[in-house]
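Tertiary structure, described
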Amino acid sequence: MASVSAHPDVMEKLVSLAKRRGFIFQSSEIYGGTGSVWDYGPLGVELKKNVKDRWWHAMVRARDDIEGLDAAILMHPRVWEASGHVAGFTDPLIDCRNCKRRFRADDPAIKGTPGAPDAQCPVCGSKGTLSEPRLFNLMFKTFMGPVEESAAIVYLRPETAQGIFVNFLNVQQSTRQKVPFGIAQIGKAFRNEITPGNFIFRTREFEQMEMQFFVEPGTDEEHFEYWKAQRMEWHRSLGLAPDRLRYKPHEQLAHYARAAADIEFDFGGSLGYQEIEGIHNRSDFDLSRHQEYSGKKLEYFDQPRNRRYIPYVIETSVGADRTTLALLVNAYREEEVPGETEGRTVLGLAPSIAPIKAGVFPLVKKDGMPEMAERVANDLRRAFPIFYDDGGAIGRRYRRQDEVGTPFGITIDGQSTQDGTVTVRDRDTLQQVRVAAGQLRGYIAERIGPNE
Ligand code: GAP
C-alpha cells in the first residue's frame, strides 16, 4: 500500500481536463460507459503516440542489438498453458450474494472472515453474504471459429511478452542476431482486472511496450543491472521529475523470476508511488516451457564456441497508458500569472512529447493578419501538429493552449504584415521573441529538440 504523497492529488482535475479537451473519454460513454476501458481522443492519441514513438526509437531504431516485432493478439491456447497463465494468472475473489459485487480477498474494506456469518460486505453492508475466496482467472476468453465449445477457446493476450518468446528463433534466424540481443514490441494486452480504476492507471484493455533481451546464462545479472539503469534514464528523458521516480525491488518473486525491480512514479495524493515499469530476470523459464509444451527446440547455437543453450531473458515491461498518465500528472500545474487577475492551468509537457507543438493566432481578424497566419500555419503543419485559432481574446487563446501543453504560441500582429516577423511565446516563461516567418520552422524544430 502506497503512503500518502507530498504531491497533490490531481487525478480528478485531470480526468475532467482530459475529457473537456479531448485527451481521453470513457469508452461507450453514451451507453453509460464500459468499466475501466477508455478511448483516446484527438490530443490523447497524439500524446500516447509520442510516448510509443520515443520508446520504439530508444529500444529498436537507435540500437543494432534489438529487433522489432508485431505479434498477433490471438495465440495458440497452449501458449498460455506453457506460460503458466491458465493455471496461475489468478486473483482470489469474494462475491457478495446479496448485492452481487466482487472484491479481491485482500480488500481492506472487508470486515471479518469471508465465508463466516460475521463477515460484512463493504458495499451493501449485509452480514454473512460474503463467499469464501475463490480463484478467478484474469484472462479474457473468447472462441475461435463458429462453434462455442471448449476446444475452440482462445484468450486475449494478458501480456505481449509471449508473442516474443514463441518468435524467438524466427527473429534470431531471420536477422542472424547473436546473443545477447533483444526483441521489442508494442501492443494491446487485456486483463479482466477486479479492482481497476484510477483513470487509465489500471484498465482492462491497455498497451504494453515490452522488450525481451536474450542473454547467455551467467551474464544475466549484469544485463539486469544495465537494463534497470537504461529504463530509468528513459523515463527521465521524457521529462518525468527525477525526484518522483524510484526503484522498488521485489521482495516476493514471481515463479519465473530470478530477480525483479519496478520503476515507480509518485502519482500524488493517496495513490502515491506506483509501478510504471517492471524489469525482470526471467531466467530460461519461458523458452524452456515453450520448448517443453511445443516439442520444438528453442536453443541458441553459439557457433564460435560450438555450444547450444537456452538463453536467459531480461525483460523490460512498461505500460504506454500508465506512462501517459504519469506524464499528465507530472505536467499538471495551476499557477498565478504575474500582472493578471486570472490564474492559468498548464500542462508542462516536454515540447517533444506535447501533442500540439504550436498554436498559430492572428491577433485580429483583419488587415491581412488571418491570411498571413494561415500561410504560417500551413507551412508549419508540414512539419508539426499545429493548432490554428482565431477565436476570442488573444489571452484566452494562449490559455487554451497552455492547458493542453502546447509549448509555443505564434502570433501574427500588425508588425508581422509589415516586416514579415511573428511573435513566439514560450508556454513556461511567457517570454515572447520576434522571429522571421521564413525561419519559424527551423526555430521551432530547434526548440523542440530531437525526439529521442
Ligand atoms: N510481461 C510482464 C508483465 O506483463 P506486469 O508487471 O504485469 O508485467 C507490466 O505489467 C506493465 O504493464 C506495468 O508496469 C504497467 O505499466 C502495465 N500494466 C499492467 N497491467 C495494467 C493494467 N491493468 N492497466 C494498465 N497498465 C497495466
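See above for the structure.
In what follows, the accompanying structure is described.

The rules we used
- One numbering rule holds for all chains: residues counted from 1, following each sequence as written.
- Only residues with pLDDT of at least 70 are given local features in this predicted model, and only at 80 or more are side-chain atom pairs given and counted; all residues enter the totals for whole chains, interfaces and linings.
- Heavy atoms throughout the structure, all of them, feed into the side-chain values; hydrogens and water do not.
- Two aromatic rings from Phe, Tyr or Trp, using only the six-membered ring of Trp, form a pair when their centres are within 6.5 Å; if the ring planes differ by under 30 degrees the pair is stacked, by over 60 it is edge-to-face, and anything between is tilted.
- For the purposes of this entry, the term helix denotes a DSSP run of H or I that reaches at least four residues, the term strand denotes a run of E that reaches at least two, and both are numbered from the N terminus.
- Relative accessible area decides the class of each residue, using a 1.4 Å probe on protein chains only: under 20% of the type maximum gives buried, over 50% gives exposed, and in between gives partly exposed.
- Throughout this description, the term charge over a ring refers to an Arg CZ or Lys NZ atom that lies within 6 Å of the ring centre and within 35 degrees of the ring normal.
- Axis definition: a line fitted to C-alpha atoms, over the contacting stretch in the case of helices. Angles run 0 to 180 degrees between N-to-C directions.
- A clockwise turn of the near helix away from the far one marks a right-handed crossing, whereas an anticlockwise turn of less than a right angle marks a left-handed crossing.
- Contact criterion: two residues are considered in contact whenever any of their non-hydrogen atoms come within 4.5 Å of each other.
- Polar here means any residue other than Ala, Val, Leu, Ile, Met, Phe, Trp, Tyr, Cys and Pro, which are nonpolar, and Asp, Glu, Lys and Arg, which are charged; Gly is therefore polar.
- Pairing between strands requires that DSSP locate at least two bridges from one strand to the other.

Attention now goes to the packing of aromatic side chains. Where two aromatic rings form a pair, the distance of their centres and the angle of their planes describe that pair. All told, the structure shown has 12 aromatic pairs when counted by the stated rule. Ring centres 6.3 Å apart and planes at 40° place the aromatic pair Y256 and F285 in the tilted group. Here Y256, found in the loop between β11 (245-249) and β12 (259-266), pairs with F285, found in helix α8 (residues 285-294); they are 29 residues apart in sequence, far enough to count as distant. For Y256, a relative accessible area of 16% puts it in the buried group. The structure contains a cluster of three or more aromatic residues connected by ring pairs, namely F168, F181 and F214. Sitting over the ring of F201, R322 keeps its end group 3.8 Å from the ring centre. Just above the ring of Y398 sits the side chain of R425; from NZ or CZ to the centre is 4.3 Å.

Now for the packing of helix α2 (residues 42-61) against helix α7 (residues 220-237). Two elements in contact, α2 and α7, have axes whose closest approach is 11 Å; the angle formed by their N-to-C orientations is 145°. Classified by chirality, the crossing of α7 by α2 is right-handed. In this structure, α2 contributes V51, R54, W55, A58 and M59 to the contact, and α7 contributes W227, R231, W234 and S237. Split into classes, the residues belonging to the contact of α2 with α7 amount to six nonpolar, one polar and two charged.

Below, the discussion takes up the sheet that holds strand β5 (residues 102-104). One open sheet holds the three strands; their spatial order is β5-β4-β6, and the pairing between them is antiparallel. Edge positions in the open sheet fall to β5 and β6 (134-137), since each of these has one partner strand only. Shown here is a sheet whose adjacent strand axes are inclined to one another by a mean of 50°, direction ignored. As judged from the four bridges shared by strand β4 (residues 90-95) and β6, these two strands associate in the antiparallel manner. Each bridged residue has a counterpart across the sheet, and for T90 the counterpart in β6 is N137.

Function cannot be inferred from these measures alone, as they are strictly geometric.
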